[in-house]
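Chain residues, written in single-letter form:
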Amino acid sequence: MTDTTRARPSRRRFLAGAAATGAIASTGFVPTRFAIGGQAPVKVGILLPYSGTYASLGEAITNGMKMRIEQAGGTLGGRPVEYIAIDSEASPPQAPRHTKKLVIKDQVDFLVGPVHSGVALAMAKVVAGRDKPIMIIPNAGANALTRGQCARNIFRASFSNWQTCYPCGQVMADDGHKTVVTMTWKYAAGNEIMAAGTELFKEFGGAVIKDIRVPFPDVEFQAHLSEIAALKPDAVLAFFSGGGAIKFVKDYAAAGLKDSIPLYGPGFLTEGLTEGQGAAAEGIKTTLHYARTLDTPVNRMFLEAYKKAYNKEADVFAVQGFDTGSLLLQAIDATEGDTGADASPAMIEALSAAEVPDSPRGPWRMSEAHNPIMDIYLRQVEGGVNKILGVASRDLEDPATGCKLDT
Amino acid sequence: MDLAQFLVQALNGVQYGLLLFLVASGLTLIFGIMGIINLAHGAFYMIGAYLAYWLVGLTDNLFLAILLGIPIAVAVGLVIERLLIARLYDRDHLDQVLLTYGLILILNETQKILWGSDFHGVPVPEMLAGSVPLTENQAYPVYRLFISAVCLGVAAGMWLVIARTRLGMMIRAGASNREMTSALGINIGRVFAIVFALGVALAAFSGMIGAPVSSVYPGMGDRVLIISFVVVVIGGIGSVKGAFIGALLIGLADTFGRVLVPDFASMVIYALMALVLLWRPQGLFGRAP
C-alpha cells in the first residue's frame, strides 16, 4: 500500500519502474558509495489519491509528472529517481501521518501532492519552513495555500480556486445576464470558487439571488433544480467535479432548465467529462487554465505522447502533473543535482522565478506567492468537446492576500 | 413556497424516497430478513453500476445490459455466500462486519482493475429520454418516473415473495429460528444462499437501473451503504413495509430539509433517524424485542 503507485501497468510505466528498481538495487546495499558520486537516487515523495472517487486524478497527475521526467531522460539532475508513493485516500485526517512518514522517515527531497485541499492544508503544516523537502502541489486549489498559509518551500503548479472562476463573472455579464443563482457543494473549494465567480458579476451590477449549497459529496440535486426553476434567474453558476459534475449537468438538462437558464462554471464542470455528459453538456460555458482542444504545437505533442504512453486521453490533471515534473527539473538543474540541505535556497530561488514555457496549457510563470500566473480560457462545449472561444483573462494572478514570505 | 412549488418538491421527495427504497432493497433482504450485517451492500451497488456501464458499451441497450447483468450478480452473490458468508451464520455480528468490510476493499480493487478509475456516464435509453413539462419552465425526466415505477414493482414483488410464497415462509421461518426450521426438513442453507444472492442481485440491479441518473465512479457505493442502513433501521429490521415507509419518509424529509433549512440539510435525515429510534427503538415496523 505504501511503496508503489497502485495504478494499472503500462509498458512505459513498467520500463520506468524497472529502471528505478534497478537504480535502487544498485545503490540500495551500499548507499554511501554512490551518494558521494552524486548517483544516489533523488527521492520524490508522492501523496496522491489512488483509490476512491479521486483515484483518476491521482493517476493522471502521476502519469503526467513521470512522462515529463522521462522526456528529460528519466533522471533529475543526472541522478536516477526513486518515487515513494502513498495513497492519500483524499483523507485529511490521515494526511499528517502520511506526510511525516515521507518527510521524516523517508527523507524525501521533493514532496508532490495532493489533490484534495484539506489534505494540502494538513501537509503544508508539516512541511512549511523546512529546508527539505520542497513541496509541489499538483492540484489542490485552496486559496490559503498561496495566501495566508504560503511558505517559502511550497509551490503550486496548478491553480488557486479563485483563478478558475474569477473571469466567470465577466463572461456572464458580457452575455447580458443580470441575476444569477450559484450552486455547489458546501465545502471550502465550492465556496471559494463561487465567491470568485460572482465577484466581477456584482461589480458589473449583477445580483446573486441565492447561493444553493448541497451537502458534500451528495449528488441528489432534484430539490434544488426545482428551486432554481421557481427562482427563474438569468443564469446559473455551478461547480461540481467528477461523477457529481456528470450527474449535475445531466440532471440540469433533464429538468428542462438548460435552454431557459444557461449554465456557467469553472472548467472542472465539463473538462474531461463531456463523453459521460453527452448532449446535456452542449452549450455550457466555462473558464479554466486548460482545454484539451487548445491548438498549440506543445499541447498537440503532449496529448499524443500521453496517449501513446498510457493509452488514454490526457486531462487537465495530467497537465498539472506534467508541469509539476517541469518544476522538479528546473529546481534540481539549478543545483546541478545537489539536493542537500545547503542546496535548498538555490532550488527555492530557481522555483520562485520559474517560467514554464513548454506547458500544454500555454506558457506560465511563478508568482511571488508561488502560484502560477497564467491565461484563463473561455470554453464552450460544442460537438462533445470543450471548444476554446478565447482568453477570458490574460496572465491572471491570484491576489495572494495575506501571503508573507520570509525569504 | 407556494402550492405549486410544494407539490413539485413533494414529488421530488416521493421520487427520491422510492429510489432510496430500491437502493436499500437488497440490504432489507440480507440485513433485515437474514440478520447478516452486509457492509458490502454499497460495493455490490457500485459493481452493478459498472456492469451497466460495461454492458451498455457492448450491447448499446440498457435493458439488455440489465438482463445480462443480473445473472452475473446472482452468480457473484452465490459464490460469495457459499465460500464466505455461509461460514458466518453462527458467528457474531463483529465477524460479519469484518468479513464484509474486507469484501468492500476487494470489490473496490476489482472495479479498479477491471474498469479503471475514470468517471463515466450511462446514457438514458432512447425511448425514456424525454421529459414531461411540470411547471412553466421545469420538466420532469421520464426516466426518473420510470425508476419510480420500477421501485413500486420491486416493493410489491418483495412483499409478495416474502408474505405469500412458500419460499417466503421458509425465509421468515429460517430468520426467526434456524435450528427448528432445518429440523422440519427444510434445507435452510440453500434458502439463505438464495436470499443472499437475491439481495446482491437487487443491489446490483439498483446500481444498473440507477446508472443513467447517478453516473458511474469509484467509491459511489459508500454513501449508498450509509443511507441504506438508515432506511432499514428507521423502517424496523425484518420489515419490507417498514423499509418502504422509511425510505419515503427519508426522501421527503431530505427534500424539504434542503429547501426549508438548507444550513442543516445534511443533518435532517439523521435527526429523523434519531427521533424515530427514541420513539420506537425497534424502528417503525420492527417487532419489539
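None of the values given here were measured: they were computed from a predicted structure.

1. Some thoughts on the overall build of chain B
Regarding its fold elements, chain B presents 11 helices and two strands. When the helices and strands of chain B are listed from N to C terminus, the series reads α-α-α-α-β-β-α-α-α-α-α-α-α. Along the longest, intermediate and shortest principal axes, the C-alpha atoms of chain B span 65 × 50 × 35 Å. Here chain B holds 289 residues, and the buried ones make up 51% of them. Across chain B, every contact between residues at least 6 apart in sequence was considered, and the portion connecting residues at least 24 apart equals 74%.

2. Regarding the domain arrangement of chain A
Residues and elements named next belong to chain A. You can read the domains of chain A as domain 1 (11-159 + 295-370) and domain 2 (163-288 + 377-396). Distance between the C-alpha centres of domain 1 and domain 2: 31 Å. Tallying the contact residues gives eight residues for domain 1 and 10 residues for domain 2.

3. Let's talk about the packing of helix H3 (residues 55-71) of chain A against helix H13 (residues 316-334) of chain A
All names here are of chain A. In contact at an axis separation of 6 Å, H3 and H13 are set at 40° when each is read in the N-to-C sense. Classified by the angle their axes make, H3 and H13 are oblique. The interaxial crossing formed by H3 with H13 has right-handed handedness. Of the residues in H13, those in contact with Leu57, Ala60, Ile61, Thr62, Asn63, Gly64, Met65, Met67, Arg68 and Ile69 of H3 are Phe317, Ala318, Val319, Gln320, Gly321, Phe322, Thr324, Gly325, Ser326, Leu328 and Leu329.

4. Remarks on the pairing of strand E4 (residues 134-137) of chain A
Residues and elements named next belong to chain A. Burial along E4 is two-sided: the face carrying Ile134 and Ile136 and the face carrying Met135 and Ile137 are both buried. In terms of strand pairing, strand E3 (residues 110-112) meets E4 through three bridges, oriented parallel. Bridging from a neighbouring strand, Val112 pairs with Ile136 of E4. Tracing the backbone out of E3, into helix H5 (residues 117-127) and back to the parallel element E4 gives a crossover that is right-handed. In this sheet, strand E5 (residues 154-156) lies alongside E4 in parallel orientation, the contact comprising three bridges. Note on E5: the bridge partner recorded for Ile136 is Phe155.

5. Regarding the interface of chain B and chain A
With 32 residues of chain B at the interface, the matching set in chain A holds 33 residues. Sorting the residues of the side of chain B that touches chain A by element identifies helix H1 (3-33), helix H4 (93-115), strand E2 (139-141) and helix H10 (240-260) of chain B as the ones contributing at least two each. With five residues, H1 of chain B is the largest single contributor of residues to the side of chain B that touches chain A. Its residues assigned to classes, the side of chain B that touches chain A shows 12 nonpolar, 17 polar and three charged.

6. Section: unusual backbone geometry
Residues and elements named next belong to chain A. Each neighbour pair has its own omega, and for Gly113 with Pro114 the value is -10°, a cis peptide bond. Relative to the assigned elements, Pro114 resides in the loop between E3 and H5. Following Lys132, the chain continues to Pro133 via a peptide bond in cis, the omega torsion being 0°. Of note, Ala90 is a non-glycine position whose phi angle comes to about 50°, a positive value. Among the structural elements, Ala90 can be located in the loop between strand E2 (81-87) and helix H4 (95-105).

7. Remarks on the nonpolar core
Counting residues in each nonpolar core, the largest one holds 214 residues, and the members touching the most others are Phe21, Ala52, Ala204 and Val231 of chain B. For this core, the element with the highest residue contribution is helix H8 (residues 188-214) of chain B, accounting for 17 residues. Both domain 1 (11-159 + 295-370) and domain 2 (163-288 + 377-396) of chain A contribute no fewer than three residues apiece to this core. Those residues in contact with Ala52 of chain B, other than ones at most four positions away along the chain, are Leu62, Ala65, Ile66, Gly69, Val122, Gly207, Met208 and Ala211 of chain B.

8. Topic: the environment of Gly169 of chain A
Residue and element names in this part refer to chain A. Its location among the elements puts Gly169 in helix H7 (residues 168-174). On the basis of neighbour counts, which here come to 24 C-beta atoms within 10 Å, the residue Gly169 falls in the buried class. It is 35 Å that separates the C-alpha atoms of Gly169 and Gln330, two residues lying 161 residues apart in sequence. Setting aside anything within four residues of it in sequence, one finds Gly169 in contact with Gly197, Thr198, Glu199, Leu200, Phe201 and Phe204.

9. Some remarks on helix H11 (residues 268-279) of chain B
Residues and elements named next belong to chain B. When the terminal C-alpha atoms of H11 are compared, their 17 Å separation across 12 residues agrees well with the 16 Å that a helix rising 1.5 Å per residue should span. Restricting attention to buried positions, one finds in H11 the residues Ile269, Met273 and Val276. Down the axis, H11 shows its buried residues gathered within 70° of arc, on one side only. In H11, the exposed positions that point more than 90 degrees away from the buried face belong to Tyr270, Ala271, Ala274, Leu275, Leu278 and Trp279. Where H11 is buried, its residues touch helix H9 (221-235) and H10.

Reading the values: rules and limits
- Residues numbered from 1 in each chain as written.
- Chains lettered and ligands numbered in written order.
- Predicted model: local features only at pLDDT ≥ 70, side-chain atom pairs only at ≥ 80, totals over all residues.
- Helix = DSSP H or I, 4+ residues; strand = E, 2+ residues; numbered from the N terminus.
- Buried ≥ 20, exposed ≤ 12 C-beta atoms within 10 Å, placed from the backbone.
- Contact = placed C-beta atoms within 7 Å.
- Domains from an automatic or database assignment.
- Axes fitted to C-alpha atoms, helices over the stretch in contact; angles between N-to-C directions.
- Parallel < 35°, antiparallel > 145°, perpendicular 65-115°, else oblique.
- Left-handed = near helix turned anticlockwise from the far one by under 90°.
- Pairing = 2+ DSSP bridges.
- Right-handed = clockwise from strand over helix to strand, strands pointing away.
- Nonpolar A, V, L, I, M, F, W, Y, C, P; charged D, E, K, R; others polar.
- Core = buried A, V, L, I, M, F, W, Y, C linked by C-beta atoms within 7 Å.
- Expected span 1.5 Å × (residues − 1).
- Arc of directions from axis to C-beta.

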